[in-house]
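Descriptive structure summary
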Amino acid sequence: MHILLVTHYFAPENSAPTRRWAAFAERFIDHGHQVTVIAPPPHYPQGRVKDGLKQQYKPGSSAIEEYGANVFRTKYLQHRADIVSRTSDHLVAAYDSLGVAKRAAKQFGPPEVVIATAPGIPSLIAGRRIAKAFGAPLIVEMRDAWPDLVTHTAGLSGGGPKKWVKKIIHERITDWQLHSAQVVTTTQRFAEVLGERGVSSPVVIRNGTNIERYGNIGERTGNDRLHLLYMGNMGRSQGLHTVIEAAAKLKAQGVPIEVRFVGHGADKPRLRQLNKALGWPVEIRDQVEPNEVHEHYAWADSLIVSLRDWEPFEWTVPSKLYEALATGRHITGLLAGEAASVLRSARGGEVIEPGNADQLASFWRELANRPNLLKVSSSAVEWASEHANYDTLASRYLDLIEEIVAGCER
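Heads up: these notes are all about the structure in this document. (Residues numbered from 1 in each chain as written. Predicted model: local features only at pLDDT ≥ 70, side-chain atom pairs only at ≥ 80, totals over all residues. Heavy atoms only, no water.)

Residues N70 and F72 of strand β4 (residues 70-73) are buried on one face, and the alternating residues V71 and R73, pointing to the opposite face, are buried as well. Bridging between strand β3 (residues 62-64) and β4 involves 3 bridges; their strand directions are antiparallel. Across the sheet, I64 pairs through a bridge with N70, a residue of β4. The antiparallel hairpin formed by β3 and β4 contains 5 residues in its connecting segment, where G68 sits at a positive phi of about 110 degrees. (Buried < 20%, exposed > 50% of the residue type's maximum accessible area, 1.4 Å probe, protein only. Helix = DSSP H or I, 4+ residues; strand = E, 2+ residues; numbered from the N terminus. Pairing = 2+ DSSP bridges.)

Looking along the chain, the bond that leaves A11 and enters P12 is cis, with omega of 15 degrees. Note the cis peptide between P119 and G120, where omega equals 0 degrees. Its identity as a non-glycine residue notwithstanding, W280 has a phi of 60 degrees, on the positive side. Here R347, not a glycine, exhibits a phi torsion of approximately 55 degrees, which is positive. Considering the arrangement of structural elements, one finds R347 in the loop between α11 (337-346) and β14 (349-352).

Within a beta sheet, neighbouring strands are joined by backbone hydrogen bonds and run either parallel or antiparallel to one another. Ordered in space as β3-β4-β2-β1-β5-β6-β7-β8, the 8 strands form an open sheet in which the pairing is mixed. In this open sheet, the two edge strands, each paired with only one partner strand, are β3 and β8 (203-204). Taken strand by strand, helix α1 (residues 16-30) contacts β1 (2-6), β2 (34-39), β5 (113-118), β6 (138-142) and β7 (182-185), and its axis lies near 155 degrees from that of β2. Here helix α5 (residues 188-196) sits on the sheet in contact with β6, β7 and β8, set at roughly 145 degrees to β7. (Contact = heavy atoms within 4.5 Å. Axes fitted to C-alpha atoms, helices over the stretch in contact; angles between N-to-C directions.)

Right, let's talk about the nonpolar core for a bit. One finds M142, L321 and L325 to be the most contacted residues of the largest nonpolar core, which totals 66 residues. Once you skip the residues sitting within four places of it in the chain, M142 turns out to touch A118, I121, L124, I173, Q177, V183, V184, T185, T186 and F190. Ranked by size, the runner-up nonpolar core spans 31 residues in total, among them A25, V184, Y397 and L398. (Core = buried A, V, L, I, M, F, W, Y, C linked by side-chain atoms within 4.5 Å.)

With that settled, consider the packing of aromatic side chains. Per the stated rule, a full pass over the model turns up 14 aromatic pairs. With a centroid separation of 5.9 Å and an interplanar angle of 75 degrees, the aromatic rings of Y230 and F261 are classed as edge-to-face. You can see Y230 sitting in strand β9 (residues 226-233) and its partner F261 sitting in strand β10 (residues 257-264), a full 31 residues away along the chain. A residue is classified by how much of its surface remains accessible, and Y230, at 5% relative accessible area, is buried. The class for F261 is buried, based on a relative accessible area of 0%. Here the aromatic cluster, defined as three or more aromatic residues joined through ring pairs, consists of W21, F24, F28, Y390 and Y397. The residue whose ring lies beneath R129 is Y95, and the NZ or CZ to ring-centre distance is 5.8 Å. Just above the ring of W299 sits the side chain of R260; from NZ or CZ to the centre is 3.9 Å. (Phe/Tyr/Trp six-rings, centres within 6.5 Å; stacked < 30°, edge-to-face > 60°. Lys NZ or Arg CZ within 6 Å of the ring centre and 35° of its normal.)

Quick look at the structure:
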């Protein structure tokens, strides 16, 4: 089959969606299929292409990646961290996608199926246009709980015109979901929510991780101080202010802990301000390259996975949780809903109520006093191997795609 993917995020960027789709594309190609990717040049998370990559990844350029995917680059808009400029960037890339897809089809033939993965949400618009142009079925993949997160997005809260905007966005995204050949979600609970709205038989294909890559972190070294690590996106969705507040409480009490943040995100400046105001209880570092991830995991005694206490996040499982389970390290999960259920089922650590700094501080105080609680059974890695292995997930996705294409040919 010729599979065309529309995405706003793709390698060589280092993020959850890029890792997901680089892994899937590689495995689809290994099974003999052709994969074309329509994406802007790599400009996440800085909002611009790094100087060393500008010549290689120009809008309008194309290349065959090392594992065989045909990657065509759209136009994009340099942006800041705010929602307006980021959405404008998404729209620019989406608007250019149809023309780029037509050029790709001249070179490699028309696609037999189109997959549009969101966020960014405008990728769904682009996917619909491309699928219609080639008469191909469209698979809409919702990696997060959209459109419901619109209600909680900073910049779109409040009444008046903002309430109208939220209503329109919610209606349009739901309509796109209803009129696709198939909707794929990454969690069971969100699939149930969409089913209640009339979406026909949404399929769950979880986020995943490379089990082998993260399975050789090694044993914790038995530090004098409790080492606590958050590594990933520092956005509004993660609610990391709770972690800083808990760390400040323990620092004031003289509890021997070290808390480290590693990453990038829109909320990072505000987190730095809060950290300063509370006496620097957390060490905040910049994002690292993939080959530097292991040393931070090896440093840590417990890995922090956190989401805010918003209802849509009860239907969300962050991909970082699967990665953390694969390491075999203890996990401190500020999680609710399905993500909390995953952590409990895997027996990979402790679930803390999102936003509850007092409960978090109390738990970490106990961990510092009783380091034997950091021991995690092998069931955590076993759970990740069974439910979040890219090989298994890619095989399920291919079965689904083949079923949809066969149904359209009949």
